[in-house]
Amino acid sequence: MNVPFEFFPAGEGVSLRDGFGRALVALGQVREDFYLFDADVQGGTGAKPFAQAFPERVVQFGIAEQNTMAAAAGFADTGLIPLVVGFSAFTVMRAHEQLRTAVCYGRRNVKVCCSHLGVDVGPDGATAQMLEDLATCRAIPTLKVLVPACANEIQPMLAAVLNEPGPVYMRIGRSPSPVIYPQPGPIEVGKAHVLRPGSDVALISCGTRVAAALAAAELLEGEGVSARVVNLRSIKPLDLEVIQDCCEEVGALVTVEDHNIYGGLGSAVAEAVVQMQPAPMEMLGIRDRFGRSGEHHELFARFGIDVPDIVAAARKVLKRKR
Amino acid sequence: MKTMQQAILVKQLEPKTEAAAELREWARRIRVEVLKMIHHCPAGHPGGSLSVADMVATLYFGVMKVKPKEPDWPERDRLILSKGHACAAVYAALGLKGYFPAEEFLKFRRIDGLLEGHPSINIPGIDAPSGSLGMGLSQGLGMALGARYARKNLRVYVILGDGDMQEGATWEALMAAGHHRLDNLCAILDYNRLQAEGRVVDTMDYEPVADKVRSFRWAVEEVDGHDCGQLLAALHRAKARKGTPSFVIAHTLKGKGVSFMEDLAQWHGTVPLTAEELARALAEVKGGRMLSQ
């Protein structure tokens, strides 16, 4: 299918939700089978361009996330694809049981695409800064979990999400983040992407932290350290092959995520690593605290998931490397 | 005591008495299977299963457009038992209609059986997972919306429990169905006035429920939930109604048809039924106590 994606220039800081809006419009032009399930958050989630282009394909539920999610489950039963948008803290957290029981246990083809994740949310503060979604969504049987790293990657990723049978959760950011992929190719659910080769340490991350990992790899190169950068875009299913390569070929891992340290990307990688030829790991994430207000870049630094933190973690794990 | 409204309803129904008698017989057979299932299991929710038996019989044997040999037929009418704990009654109806072999009845809730303790869509004929209260009406309105967008001429029925009405999400769904004017959606409230631990009115009283639901832009009717003729008439009127969803308040008794269970909250939960109790219950149900009401 030739989808008329419009990509942003590489290097530019663009919000992932702006990429999401473009992805929706582009895909809306080539397929008629999906509908936007909105709980009065078109603007906040970046879905407004789709709502303007295809007003007849928006189903409005008002501010009632539980009803939106369970209704999506029922809607999918008639063969159409509901794409539920929302702020993750409200859509995924409040409607979590509906997502589990009505959508996933019901084997419904529902796509859930949320903005407002992690401290990336910024000044709105802790209420909307969802730090738990990877943990809770990963734990729901059959639910797949994908995280785009930039406003361009989200476009083919949404195409893959719509093609994937069954329920999928996609975690979208809010604040501007560097565009990493100038012309992203098709995305396969369950596959990670090695963005940069390296042999001393592997930096594994997702979402906005991938750009930080790339910047950290540049700095490490200046210190003579060769860092492999992995965009772990598919949190579930996990790309075990890429993780195994990191263990065997590199032998020292750093994970970094804008999520609670418990249950997210780092945990997923660690669960895999301990069942392989284990390599030492350092795990960066929000250390079991709530977020707070501030600019997103200030918060990344405050909570220890910024470029210097990644560099320091790499140095630390290298000391433990066998 | 019948109200004036109910008396009028009964009068309107006279040409349909034959259909109603047939439905009563199906309801009786559903009750027999429910009691046997719960005895063999040995557990289940007898009270609520018996209270929905007549509406389940009316829906499956008098109203709904379904194909038991093709359970996933896309154009079928849907039923969501939001009070999923009463699933023995729906399983009985599905088994009697031939969705699965009757041997499954005796494996209800067992590891080697098809019939889960609460509805699962892995069971032929079950249209939605349920058993978590407050999710059925939302799923039903989603199906009704989907049917509208997919241009499918089908109807969606949701059986709500009176405990269901205490879940906030049910009210979100009431609000949305009224807003979207879903005339292909019909909810039936099994209003037996008892919940797990006691009377609804003592636990969390939400009366006047008819007024509340009407104010959310639903057409509301009240019927005797054990009178298949009244249920049939109300469901036919709902089908003819345009521009508004329908809400049928079915006044029922928990444990209906078995004298020692009727109107007692203690028969709500996973209560086993002894052989002696089963024999007494079956004698009452088979003996036509229901017909002499």
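Residue indices begin from 1 for each chain and proceed along its sequence in written order. Labels follow written order: the first chain is A, the first ligand is 1, and so on. Totals for whole chains, interfaces and linings use all residues, but because this is a predicted model, local features are given only for residues with pLDDT of at least 70 and pairs of side-chain atoms are given and counted only at 80 or more.

A.B. asks: Lay out the overall build of chain A with the relevant residues and their values.
C.D. replies: A tally of helices and strands in chain A yields 13 helices and 14 strands. Atoms considered for the radius of gyration are the C-alpha atoms alone. The globule rule reads 2.2 Å times the number of residues to the power 0.38. By the compact-globule yardstick of 20 Å for 322 residues, chain A fits well, its C-alpha radius of gyration being 19 Å. Referenced to the eigenvectors of the C-alpha coordinate spread, the extents of chain A come out at roughly 55 × 40 × 40 Å. By the convention adopted here, residues are in contact when the distance between their C-beta atoms, placed from the backbone, does not exceed 7 Å. Taking as baseline every contact in chain A between residues at least 6 positions apart, the subset at least 24 positions apart corresponds to 80%. Think of it this way: any DSSP run of H or I at least four residues long counts as a helix, any run of E at least two long counts as a strand, and we number them from the N terminus.

A.B. asks: Give me the lowdown on the interface of chain A and chain B, citing residues and values where you can.
C.D. replies: The partner chain B presents 22 residues to the 23 residues of chain A that form the contact. When residues in the side of chain A that touches chain B are grouped by element, the largest group, eight residues, is from helix H4 (residues 65-76) of chain A. Each residue receives one of three labels: charged for Asp, Glu, Lys and Arg, nonpolar for Ala, Val, Leu, Ile, Met, Phe, Trp, Tyr, Cys and Pro, and polar for the others, Gly being one of them. Tallied by class, residues from the side of chain A that touches chain B come to 12 nonpolar, eight polar and three charged.

A.B. asks: Requested: an account of the confidence of the model for chain B, with residues and values cited.
C.D. replies: Confidence along chain B averages 92 in pLDDT terms, with 92% of residues attaining 70 or more. For this predicted complex, the interface confidence score (ipTM) comes to 0.95, while the overall pTM stands at 0.95. Per-residue confidence from the prediction method is given by pLDDT, with values spanning 0 to 100.

A.B. asks: Could you give me a rundown of unusual backbone geometry, with the residues and numbers involved?
C.D. replies: Looking along the chain, the bond that leaves A:Lys236 and enters A:Pro237 is cis, with omega of 0°. Along the chain, A:Pro237 turns up in the loop between strand E12 (234-236) and helix H10 (240-250). Here the residue pair B:Glu207 and B:Pro208 is connected by a cis peptide bond, since its omega of 0° sits within 30 degrees of zero. You will see that A:His116, though not glycine, has its phi angle at about 65°, which is positive. Locating A:His116 in the fold gives a position in the loop between strand E5 (111-115) and helix H7 (133-138). Despite not being glycine, B:Arg217 has its phi angle at roughly 70°, a positive value. Its place among the elements puts B:Arg217 in the loop between helix H9 (209-215) and strand E6 (219-224).

A.B. asks: How would you sum up the sheet that holds strand E11 (residues 227-231) of chain A? Please name residues and give values.
C.D. replies: Residue and element names in this part refer to chain A. DSSP bridges decide pairing: two strands pair if at least two such bridges lie between them. The mixed open sheet is built from five strands, whose spatial order is E9-E11-E10-E13-E14. Each edge of the open sheet carries a strand with a single partner, namely strand E9 (193-196) and strand E14 (281-286). In this sheet, neighbouring strand axes are inclined to one another by 25° on average, regardless of whether the strands run parallel or antiparallel. Where strand E10 (residues 201-205) and strand E13 (residues 253-260) come together, four bridges link them in parallel fashion. Between N-to-C directions, angles span 0 to 180 degrees; the directions come from axes that are lines fitted to C-alpha atoms, helices contributing only their stretch in contact.

A.B. asks: I'd like a description of the nonpolar core, backed by residues and values.
C.D. replies: Grouped together as the largest cluster of nonpolar side chains are 207 residues, with contacts concentrated most on A:Leu203 and A:Ile310. Considering every element that reaches this core, the biggest residue donor is helix H2 (residues 17-40) of chain B, with nine residues. Leave out the neighbours within four places in its chain, and A:Ile310 touches A:Leu203, A:Ala212, A:Ala213, A:Ala216, A:Val254, A:Val256 and A:Leu284. Here, a nonpolar core means buried Ala, Val, Leu, Ile, Met, Phe, Trp, Tyr and Cys residues linked by C-beta atoms lying within 7 Å of one another. As a rule, residues whose C-beta atom has 12 or fewer other C-beta atoms within 10 Å are exposed, those with 20 or more are buried, and those in between are partly exposed; C-beta atoms are placed from the backbone.

A.B. asks: Any chance you could break down the pairing of strand E7 (residues 246-251) of chain B for me, citing the residues and the numbers?
C.D. replies: Here is the key point about a regular strand: its side chains alternate between the two faces of the sheet. Residues and elements named next belong to chain B. For E7, a buried count of five out of six residues is recorded, marking the element as mostly surrounded by other parts of the structure. Relative to E7, strand E3 (residues 185-191) runs parallel, the two being bridged by six bridges. Bridging from a neighbouring strand, Ile188 pairs with Val248 of E7. Examined bridge by bridge, E6 and E7 share six bridges and lie parallel to one another. Bridge pairing in E7 places Val220 opposite Phe247.

A.B. asks: For the sheet that holds strand E1 (residues 78-81) of chain B, give the residues involved together with the corresponding values.
C.D. replies: Residues and elements named next belong to chain B. Taken together, five strands build an open sheet; the order of strands is E1-E2-E3-E7-E6 and the sheet is parallel. A single partner strand is all that each edge strand has here, and the edge strands are E1 and E6. Between one strand and the next, the sheet's axes are offset by a mean angle of 20°, whatever the strand orientation. Across the sheet, helix H6 (residues 136-149) lies against E1, strand E2 (156-161) and E3, angled at about 170° from E2, the strand it touches most.

A.B. asks: Describe the environment of A:Ser205, and please don't skip the residues or the numbers.
C.D. replies: Residues and elements named next belong to chain A. Position of Ser205 among the secondary structure elements: in strand E10. You can call Ser205 buried: it has 31 C-beta atoms within 10 Å. Contact partners of Ser205, with chain neighbours within four places excluded, come to Val210, Ala213, Leu232, Thr255, Val256, Glu257 and Leu265.

A.B. asks: An account of the packing of helix H4 (residues 53-63) of chain B against helix H10 (residues 228-240) of chain B is requested, with residue identities and associated values reported.
C.D. replies: Residues and elements named next belong to chain B. Close contact between H4 and H10 brings their axes to 9 Å; oriented N to C, the two are set at 55°. By the angle between their directions, the pair H4 and H10 is classed as oblique. Helix-helix and strand crossings are classified by hand; for H4 and H10 the assignment is right-handed. Here Asp54, Met55, Ala57, Thr58, Gly62 and Val63 of H4 come into contact with H10, specifically with Cys228, Leu231, Leu232 and Leu235. Tallied by class, residues from the contact of H4 with H10 come to seven nonpolar, two polar and one charged. Roughly parallel here means an angle under 35 degrees, roughly antiparallel means over 145, roughly perpendicular means 65 to 115, and every remaining angle is called oblique. A clockwise turn of the near helix away from the far one marks a right-handed crossing, whereas an anticlockwise turn of less than a right angle marks a left-handed crossing.

A.B. asks: Residues and numbers for the environment of B:Gly146, please.
C.D. replies: By the element assignment, B:Gly146 lies in helix H6. Residue B:Gly146 is classed as buried on the basis of its C-beta count, with 25 C-beta atoms lying within 10 Å. Sequence-distant contacts of B:Gly146, that is, excluding residues within four places in its chain, are made with A:Gly74, A:Phe75, A:Asp77, A:Thr78 and A:Leu80.

A.B. asks: Could you give an account of the packing of H2(B) against helix H11 (residues 275-286) of chain B, naming the residues involved and the relevant values?
C.D. replies: Residue and element names in this part refer to chain B. Direction vectors running N to C along H2 and H11 enclose 175°, while the axes themselves pass 10 Å from each other. On the basis of the axis angle, H2 is roughly antiparallel to H11. Taken together, the residues of H11 that come into contact with H2 (itself represented by Arg28, Arg31, Val32, Leu35 and His39) are Leu278, Ala281, Leu282, Val285 and Lys286. By residue class, the composition of the contact of H2 with H11 is six nonpolar, one polar and three charged.

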